[in-house]
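Structural overview for review
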Amino acid sequence: MADVSRRRALGLLGAGAVGAGVAGLGVTGVRAATDPAPSAPVVPFHGAHQAGITTPVQGHLHFASYDVTARDRAGLVALLQRWTAAAEALTAGREVGRDGAVGGPALAPPEDTGEALGHDASRLTITVGFGPSLFDGRYGLADRRPAALADLPRFAGDALRPERSGGDLCVQACADDPQVAVHAVRNLTRLAAGAAAVRWAQLGFGRAASTSAAEETPRNLFGFKDGTANVLADDDAALDEHVWAAAGDGADWMAGGSYLVARDVRMVIETWDRTSLQEQELVVGRTKGEGAPLGRTSERDPLVPSELPLRSHVRLAHPDNHGGARMLRRGYNTVDGTDGVGHLDAGLFFLAYQRDPRRAFVPVQRALARDDLLGEYLRHVGSSLWAVPPGVRPGQWLGQSLLG
Amino acid sequence: MPRRTALLALALGTAAGLTACAEEPGSGADAAADAGGPVAVTATDDSCELSRTALTAGRNVFTITNAGSRVTEVYVYEGDRVVTEKEDIGPGVEYELTTQIPAGEYDVACVPGMVGDGIRTPVTVTAAAGGEEVDPAQQQAVDAYRAYVQEQADALVPLVAEFAAAVKAGDVERAKALYAPSRVPWEAVEPVAESFGDLDPKVDLREADLEEGQDWTGWHRLEKALWVDGSTAGLEGVADQLVADVTDLQGRVQNADLSAASIGNGAKELLDEVATGKVTGEEEAFSHTDLVDFDANLAGAEKAYEVLSPIVRAEDPALATELEAQFAAVEAALAPYATGGGTYVSYDTVTEDQRRELARVVDALGEPLSRLAAVAAS
């Protein structure tokens, strides 16, 4: 990896000093010298869990699903090792490859695509997951598929498009700077050539969830606060109970990992916008301004399901109705231009981490799909399910517990 | 076909209470209409006590306390018609239920454990002295619209019966010809029909709305059989059920909970139906008769506007002018696709560009139409 901070490298370029002159400097030292930001924009890549799950939700998302095309298991392992090394560099704000964006031979294409030069790490996290289809016979993983990675059932109203669903591998890249997130996926995709190809991808913005009580609850494109009752990153007991897979859960290689459900949910924006405030609030079950449960006055007031309209969204989704099941949500708003008739092609890219989707997402979504009044304004067009393996320590690689 | 049902209408009955609760604590007691103040309802496992049984017509607030050990429900009945209700009131929970009640004789019922007929207490609602409980112009609109809804429901039954007979006779061509016309009265009053929440999923569910393992009945089940399978063998029961369900509707529309606001909101919902289901071609995925539904939705919305128009002209003449112009524009945009006798070209022959044009006029109407309910109820 080029041991050069992108900010530092640009400074050097500006001074006409191209090359590996600072290769010996530690990243931290470089950043301390060049970054005036009061808080470090680097999220550590290594750890017991992958970053990008409990990390305070960044401003932007680039999510990509890949079909693995590697000829054999060794090819898949080599890809994950390349991705691990690249992710270590990218999340530290460094360039990809030994020579980076501009340090290599003039007649060769640059190893790093370069659009993040001058941008800091921007709290980039790269989170990798394995889809159910990876566990077919191709890579000798058929008997390693966790029971919790059971295919999702069809829910009422599902309008899933195969080209927006599924996949063998996923990369969730989140950063406060959209260009940094896009740069990460672009370079990881390039490193995957011959071993994996993009199946579908999604950009997201304006985090539609928060995982820390200190963050103000963000708003989704319906204009309502979303994620008030989320599992919070500092609630270790809740994380252990609801988010992290444990060794005894059935797949030991997933211990410390989590299961991710990603749903591409399109919103029928124009119709929603023509709905009265009263009806919007009854449909959601919270007030639009403050986000208080209906009948209460502030956002953090207790939400008593029985006080809310029977088919309101927050009542139906409440853990009390689902054996206490909770998920850690970190979805993003999406706007992909316009549909064919001039309506906004927009929605929510729903991302929810959980210990076992069979006890969390599946029952919750089944209830919502049947009865949620908000369903009138939603269309699920993409769906995917991922086993997100545990984090890696220095010297290890992503997925080593499964493929090592 | 949306999944909206009666429960939203019922929930709306409680909305004023919730809003008042959230924004203006205590305002219920100050409102002029509920002269005697809130009616306290204390429910236990074997009793249902009201603080008084003489009420004044208009807005009334019930403050419900479940002092029992079981989950309870509270209903206000006029005969067997539910005026308003609150379900799932847990032990120890207090709830404020607000509703508009005209003069008449009613029962308030608590249902401990949420089973059975409940413990009923008769209450008498008398007209407020010197005041009208419902604005006469609004009452006139409600009466006219109720008559229209009944007319449509009465027309629906024989059309569906004829369609069902063709299905049962295995006459595919005849059934295909009768399919779209049999839906027209339903589509014209769909928001009211949907307000009976149990009926809509039985008669108008699309294949895309099904969940794994769910039984599929109603028009669209037969639509797929006719256009995709080319046979209705084995679906005689579905045809019979459809007739029974629309007959059930016919008997129930007189009890629909209508107000100037709900009529205005229904007009907006009909245009939403056009925008999200018909313009996209999703409603009639196999028969492509979407434009017949479009026409019926539009006619229903125009009727709703028509009954409300005296109020709108008085309260907001500019809105009336705008709505009339936009209704005319949608009619003009739809007209070229008509093929006579209430039929339209198959929607799969309508190009992307043409669909975009239709969407534009529908949006141009939908936006001002969404302001109708608030003006009509003012």
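Please read these numbers as outputs of a predicted model, since none were measured by experiment.

Here we come to the packing of aromatic side chains. All names here are of chain B. Counted according to the given criterion, the structure contains 18 aromatic pairs over all chains. Aromatic side chains Tyr75 and Tyr77 sit 5.3 Å apart centroid to centroid with 10 degrees between the ring planes, which places their arrangement in the stacked category. When its relative accessible area of 12% is taken as the criterion, Tyr77 is described as buried. Geometry around Tyr77 places Arg120 over its ring, the cationic atom sitting 4.0 Å from the centre. One cation-aromatic arrangement involves Arg183 over Trp219; the distance from NZ or CZ to the ring centre is 5.1 Å.

Domain boundaries in chain B define domain 1 (6-20 + 135-376) and domain 2 (28-126). Centre-to-centre, using C-alpha coordinates, domain 1 of chain B lies 34 Å away from domain 2 of chain B.

A separate point is the state of the cysteines. The tally for this structure, following the rule as stated, stands at one disulfide over all chains. Each disulfide pairs two cysteine sulfurs, and for B:Cys48 the partner residue is B:Cys110, the sulfurs being separated by 2.0 Å. Across the disulfide from B:Cys48 to B:Cys110, rotation about the S-S bond amounts to roughly 55 degrees, and the bridge is consequently right-handed. Pair noted here: B:Cys48 is in strand E2 (residues 48-50) and B:Cys110 is in strand E8 (residues 104-110), with a separation of 62 residues, a long-range link. On the basis of relative accessible area, B:Cys48 is assigned to the buried category, the value being 10%. Unpaired in this structure, A:Cys170 has its nearest cysteine sulfur neighbour in A:Cys174, at a distance of 11 Å. Taking the relative accessible area as the measure of exposure, A:Cys174 reaches 0% and is therefore buried.

Here we take up the environment of B:Val167. All names here are of chain B. Positionally, Val167 belongs in helix H3 (residues 136-168). Overall, the relative accessible area of 1% leaves Val167 in the buried class. Here Val167 is in contact with Ala175, Leu222, Thr232 and Ala239, once residues within four sequence places are set aside.

This model, assessed by the stated rule, comprises 45 salt bridges over all chains. Note that A:Lys225 and A:Glu299 form a salt bridge whose closest N and O atoms lie 3.1 Å from each other. With a gap of 74 residues between them, A:Lys225 in the loop between strand E4 (196-205) and helix H5 (236-242) and A:Glu299 in the loop between helix H7 (277-284) and helix H8 (313-317) connect regions that are remote in the sequence. When sorted by exposure, A:Lys225 lands in the same class as A:Glu299, which is buried. Residue A:Glu299 is joined to A:Arg300 by a salt bridge in which the shortest nitrogen-to-oxygen separation is 4.0 Å. Here the residues in one salt-bridge network are B:Arg183, B:Glu187, B:Asp204, B:Arg206, B:Asp209, B:Glu273, B:Lys278, B:Glu283, B:Glu284 and B:Asp293, joined through shared partners.

Cut-offs applied
Residues numbered from 1 in each chain as written. Chains lettered and ligands numbered in written order. Predicted model: local features only at pLDDT ≥ 70, side-chain atom pairs only at ≥ 80, totals over all residues. Heavy atoms only, no water. Phe/Tyr/Trp six-rings, centres within 6.5 Å; stacked < 30°, edge-to-face > 60°. Buried < 20%, exposed > 50% of the residue type's maximum accessible area, 1.4 Å probe, protein only. Lys NZ or Arg CZ within 6 Å of the ring centre and 35° of its normal. Domains from an automatic or database assignment. Disulfide = S-S within 2.5 Å. Helix = DSSP H or I, 4+ residues; strand = E, 2+ residues; numbered from the N terminus. Contact = heavy atoms within 4.5 Å. Salt bridge = Lys/Arg side-chain N within 4 Å of Asp/Glu carboxyl O.

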